[in-house]
Amino acid sequence: MQLAVIGTGYVGLVAGAGFAEFGNDIACVDVSEAKIEMLKRGQVPIYEPGLEELIAKNVRDGRLQFSTDVGSAIRGAEVVFIAVGTPSAEDGSADLSAVYAVAETIGKTLEGYKVVATKSTVPVGTADRIRAIISSQTEHPFGVASNPEFLKEGDAVNDFMKPDRVIIGSDDARAKEVLRHLYNPFVRTSDRIHLMDPRSAELSKYAANCMLATRISFMNDLAVLAEKLGADIELVRKATGADPRIGPKFLFPGPGFGGSCFPKDLSALLYTARERGHELSIVEAAQRINARQKHLLGEKILAHFAGAGSAAPPVEAQAEGGTRGPLAGRTIAIWGLSFKPRTDDIRESPALTLIDDLLAAGATVQAHDPQAMPGVRAIYGGRVMMSDGMYGAVEGADALVLVTEWHEYRRPDFKRLHRIMNTPALFDGRNMWEPDELRGLGFSYQSIGRP
Ligand SMILES: NC(=O)c1ccc[n+]([C@@H]2O[C@H](COP(=O)([O-])OP(=O)(O)OC[C@H]3O[C@@H](n4cnc5c(N)ncnc54)[C@H](O)[C@@H]3O)[C@@H](O)[C@H]2O)c1
């Protein structure tokens, strides 16, 4: 099948390459000339495991092309996928300007029947609006469908190739059939295609993300209480997740959720609910708890250095013109900057909140991440020192904070850390390390929700 995918971000690129892998011919288009130029040169602008190889193979086989020419991509396609960004607007609603701009172009370009399928996460009612925009531009027949994407960054290729569900929401029987046919090879072993109306499809995506975010916030809230009670949230997590009605996934306490989806999708659903006069209290609480949780590591670090027994900051920090603040003269090392492992995506990452808190308190920040350092450098410039090696970032530090649990941080050489740190303080934002072992090695160790 000939397809156009508009928007070559995390979703559009993976979807384009994934569809191509199953024999379809794909035109991937984007307004960003820089991105398309990179892709044409064989470079992939984002880090996603397995994606580079998948793109290279399908480009070589002639099934995957990149261009900035939205019009000709649409003209040649049977199905046009909209995969552009839908970031939060200032009022918390989803900014749909890119989606509507694409719909307008589709309307102007339409010749003969096409399916227009929205992969972007969009509020309920967007399919109706897309239909109206296209109709205002053309007499040609077309079908609109909501086809929300459920891939996870870090495992996106696998998720796309073996989806646990494919949601097709449309009022147009022909569009449903075309999409069902397209997705059949992806779900051969079981019937995972859910056919429904567009509004239910649009809401399903928000329901999934808000449910997952709520589980995380629930555990983060409980972790704070566990600490006050002297209970161990890790034991509680395992015991709770053992109940098959609950299950073990998405119960991990941490520094708060980030990423390009959960925060904005919670805001957008809350906005939609408010518009309809409905108070979505659980989602509101999940959002509020997360905002608090993102400052937790910074607060623990401040409390640690303000606490009795911690050595005074070096004299030069207090010198005239030196940085001021409770952490002046302290060097804090951060491991992990992306919002989760196996991605370079730093959008809404808790590491950014921590960096802001540390800089505001006058600390010197040194950081390492296997993939996300260029993105953080672009925001902070020289205000955060990046180190090519994970141990280099910890050299001379007064504390090390684990924010993102990349594999390489899970079992580091603690003796080496102890040797190279100025003061041996560890803040484990992911409960990755063993408290007894580390205290035995002479570290001061704090984690989330453990005594
Ligand atoms: N990232 C994820 O894990 C994920 C998962 C599921 C769903 N989603 C949803 O998918 C959508 C895209 O997310 P993403 O992470 O891929 O975003 P992204 O920011 O990585 O990519 C969006 C791309 O769209 C391009 N674009 C913007 N306006 C355009 C236009 N008018 N014409 C052509 N291209 C245009 C941008 O240049 C960018 O390359 C969002 O709605 C998001 O909520 C994302």
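Cut-offs used in this document
Residues numbered from 1 in each chain as written. Predicted model: local features only at pLDDT ≥ 70, side-chain atom pairs only at ≥ 80, totals over all residues. Heavy atoms only, no water. Pairing = 2+ DSSP bridges. Helix = DSSP H or I, 4+ residues; strand = E, 2+ residues; numbered from the N terminus. Axes fitted to C-alpha atoms, helices over the stretch in contact; angles between N-to-C directions. Contact = heavy atoms within 4.5 Å. Near = heavy atom within 4 Å. Polar contact = N/O pair within 3.5 Å; in protein donor to acceptor, adjacent residues only side chain to side chain. Areas by Shrake-Rupley, 256 points an atom, 1.4 Å probe, with all protein chains shown as cover. Nonpolar A, V, L, I, M, F, W, Y, C, P; charged D, E, K, R; others polar. Domains from an automatic or database assignment. Core = buried A, V, L, I, M, F, W, Y, C linked by side-chain atoms within 4.5 Å. Buried < 20%, exposed > 50% of the residue type's maximum accessible area, 1.4 Å probe, protein only. Buried area = accessible area lost by both parts, 1.4 Å probe. Salt bridge = Lys/Arg side-chain N within 4 Å of Asp/Glu carboxyl O. Phe/Tyr/Trp six-rings, centres within 6.5 Å; stacked < 30°, edge-to-face > 60°. Lys NZ or Arg CZ within 6 Å of the ring centre and 35° of its normal.

S.K.: Give a detailed account of the sheet that holds strand β3 (residues 64–67), specifying residues and quantitative values.
M.R.: Taken in spatial order, the eight strands line up as β3-β2-β1-β4-β5-β6-β7-β8 in an open sheet, and their pairing is mixed. In the strand order of this sheet, the two ends are held by β3 and β8 (193–196), each with one partner. Averaged over all pairs of adjacent strands, the angle between their axes in this sheet comes to 25 degrees, without regard to strand direction. Running at roughly 145 degrees to strand β7 (residues 166–170), helix α9 (residues 198–229) makes contact with β6 (142–146), β7 and β8 of the sheet.

S.K.: Explain the site of the ligand residue by residue, including any values.
M.R.: Residues in contact with the ligand amount to 25 residues; listed here are only the nearest, Asp30, Lys35, Thr86, Glu153 and Lys264. Within the contact set of the ligand, an oxygen atom lies 2.6 Å away from a side-chain nitrogen or oxygen of Thr86. Within the backbone of Thr121, a nitrogen or oxygen atom sits 2.9 Å from an oxygen atom of the ligand. In the complex, 87% of the free accessible area of the ligand, which totals 830 Å², lies under the protein chains. Looking at the shell around the ligand, the elements that each hand over two or more residues are α1 (10–21) and α5 (97–109). Here the residues of the shell around the ligand are counted per class, giving 10 nonpolar, eight polar and seven charged. Shared between two domains, the shell around the ligand holds at least three residues of each, these being domain 1 (2–196) and domain 2 (206–291).

S.K.: Report on the nonpolar core, specifying residues and quantitative values.
M.R.: Soluble globular proteins tend to pack their nonpolar side chains together in the buried interior. With 42 residues, the main nonpolar core has Phe19, Leu51, Ile55, Phe81 and Leu179 as its most contacted residues. Once you skip the residues sitting within four places of it in the chain, Ile55 turns out to touch Leu13, Ala17, Leu39, Val44, Leu64 and Phe66. Formed by 38 residues, the second largest nonpolar core is a distinct cluster that contains Ala4, Ala94, Ile134 and Phe262.

S.K.: How would you summarise the sheet that holds strand β9 (residues 331–335) if you had to cite specific residues and measurements?
M.R.: Strands belonging to one sheet form pairs held by backbone hydrogen bonds; the direction of such a pair is parallel or antiparallel. With parallel pairing, six strands are arranged side by side in an open sheet as β11-β10-β9-β12-β13-β14. Edge strands, defined here as strands with exactly one partner in the open sheet, are β11 (384–386) and β14 (444–446). Pairs of neighbouring strands in the sheet enclose a mean axial angle of 20 degrees, with direction left out of account. Both β9 and strand β10 (residues 364–368) contribute to a ladder of five bridges, which runs parallel. By the bridge assignment, Ile332 is partnered in β10 with Val365. Packed onto the sheet, helix α14 (residues 350–360) meets β9, β10, β11 and β12 (399–402) and runs at close to 175 degrees relative to β9. Taken strand by strand, helix α15 (residues 373–380) contacts β10 and β11, and its axis lies near 150 degrees from that of β11.

S.K.: Please give an account of the domain arrangement of the protein chain that cites residues and values.
M.R.: Taken domain by domain, the protein chain holds domain 1 (2–196), domain 2 (206–291) and domain 3 (294–446). Taking only C-alpha atoms into account, the centre of domain 1 sits 29 Å from that of domain 2. Facing 13 residues of domain 1, the contacting portion of domain 2 comprises 10 residues. For the pair domain 1 and domain 2, the two sides together bury roughly 840 Å², of which 57% comes from carbon and sulfur. At the surface where domain 1 touches domain 2, the tally comes to zero salt bridges. Here domain 1 is connected to domain 2 by three residue pairs in polar contact (both at pLDDT 80 or more). Along the lines of polarity and charge, the residues of the side of domain 1 that touches domain 2 split into five nonpolar, five polar and three charged.

S.K.: Talk me through the packing of aromatic side chains; I want residue IDs and the actual numbers.
M.R.: Per the stated rule, a full pass over the model turns up 15 aromatic pairs. Members of the aromatic cluster, connected to one another through ring pairs, are Phe19, Phe22, Phe81, Phe160, Tyr183 and Phe186. Above the face of the Phe150 ring, Lys205 is positioned so that its terminal group lies 4.8 Å from the ring centre. Note that Arg416 overlies the ring of Tyr391, its terminal NZ or CZ placed 4.0 Å from the centroid.

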